Amino acid sequence: MAATQDSVTCAVCMEVYRSPRFLPCYHSFCLPCLEELANKHGKIIRCPTCRAPATVPPGGVCDLQVNFYFTEEALEEVRNEKSQSRCPVHTKECVIFYCTQCDQAICIRCKLTKHEGHTTEDLSEKVARCKKTIEDKLQSIMANISLGKDKLEFCRQNEKGALEKRAAVRKQVLQMMETFQSRAGEMIGLMEGDLTNYSLQCIERQDRMTDRLEREKEAERLDRKEEAERLARERAGDRLEREGDMTRLEEYIPELPMFQEDSDDIDAYI
């Protein structure tokens, strides 16, 4: 039995029947609508169409006579038709064609009148192609998203590796700096000791040279030539030794600031 939208519409909810039931007056309504009426009015409900009273069975409105005139398949078909878009010109007609010339969905009456002679195709075919295009684009977008995620993960791994390497280099540099500072401290201590010894030696030699010079002058004054010559030779030897000590001091002194400069360079690097 073919069903129209008017014949399968519930007078309560104005939608296509859902599990329709007969009342004793033979008017049909959706089972959920009848249950709502029973919950509101109790055992006796009145037909929403003719207002005839109807007694609710002991088992509830679900025990009322099922309307077998409308199969579930027929009702579903009507629901599908109702869900289709209506023609804005002929409001009772569904759009079932697509006019490629006007880029517009049209109904059968539009095809035979305003769009007569235009190239048309079934709307379902056009919809299927559009759906396929959208699916293809969506698949491409999802592939790009997946590729982007892979690249992002790769960048994160590279960043992690770079941070680990940086931490390892920093640790190594700190260890080298500690070793260098320790050795520099030891060398500075040794150099300071050497400088002290050289300074004392220079002072002693200077005192000896001064004493010998005075004795040399005294010998010359007393005309003791051999003693004066001997003192002069000894004083010349002391002078050479003092010059050697001064040379060694000059070699040490420029090296002292170098350790501090190298240490500053390492601090700036890390």
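Scroll up for the structure.
Keep in mind that this is a model prediction, so the values were computed, not measured.

1. Considerations on the overall build of the protein
- When you go through the protein residue by residue, the secondary structure sums to six helices and seven strands.
- Order of helices (α) and strands (β) in the protein, N terminus to C terminus: β-β-α-β-β-α-β-β-α-β-α-α-α.
- Every one of the 270 residues in the protein was classed for burial, and the buried ones make up 23%.
- Long-range pairs, those at least 24 residues apart, make up 44% of the contacts in the protein between residues at least 6 apart in sequence.
- Carbon and sulfur atoms provide 54% of the accessible area of the protein, an area that totals close to 19,300 Å².

2. Observations concerning the packing of aromatic side chains
- Per the counting criterion, the structure on display carries three aromatic pairs.
- Geometrically, the ring pair formed by Y17 and F70 is tilted, given 6.0 Å between the ring centres and 35° between the ring planes. Taken together, the residues span a long stretch of sequence, with Y17 in the segment before β1 (20–22) and F70 in the loop between β4 (53–55) and α2 (72–83) at a distance of 53 residues.
- F70 sits in the buried class, given a relative accessible area of 13%.
- Members of the aromatic cluster, each reached through a chain of ring pairs, are F22, Y26 and Y69.
- When the ring centre of F97 is taken as reference, the NZ or CZ atom of K111 above it lies at 5.1 Å.

3. Things to note about the environment of A52
- Within the fold, A52 resides in the loop between β3 (44–46) and β4.
- Judged by its relative accessible area of 25%, A52 falls in the partly exposed class.
- Along the backbone, A52 and C25 are 27 residues apart, and their C-alpha atoms lie at a distance of 6.9 Å.
- Not counting residues up to four positions away in its chain, the partners in contact with A52 are C25, I45, R46 and C47.

4. Some points on the pattern of salt bridges
- Under the counting rule described, the total for this entry stands at two salt bridges.
- In this structure, R129 engages E121 in a salt bridge whose closest nitrogen and oxygen atoms are separated by 2.6 Å.
- Judged by relative accessible area, R129 falls into the partly exposed class, the value being 42%.
- For K132, the salt bridge is made with D136, and the minimal N-O distance between the two is 2.9 Å. Of this pair, K132 and D136 both sit in helix α4 (residues 123–221), four residues apart, roughly one helical turn.
- Owing to a relative accessible area of 44%, K132 belongs among the partly exposed residues under this scheme.
- Look at D136 and you get partly exposed, because its relative accessible area is 36%.

Criteria and cut-off values
Residues numbered from 1 in each chain as written. Predicted model: local features only at pLDDT ≥ 70, side-chain atom pairs only at ≥ 80, totals over all residues. Heavy atoms only, no water. Helix = DSSP H or I, 4+ residues; strand = E, 2+ residues; numbered from the N terminus. Buried < 20%, exposed > 50% of the residue type's maximum accessible area, 1.4 Å probe, protein only. Contact = heavy atoms within 4.5 Å. Areas by Shrake-Rupley, 256 points an atom, 1.4 Å probe, with all protein chains shown as cover. Phe/Tyr/Trp six-rings, centres within 6.5 Å; stacked < 30°, edge-to-face > 60°. Lys NZ or Arg CZ within 6 Å of the ring centre and 35° of its normal. Salt bridge = Lys/Arg side-chain N within 4 Å of Asp/Glu carboxyl O.

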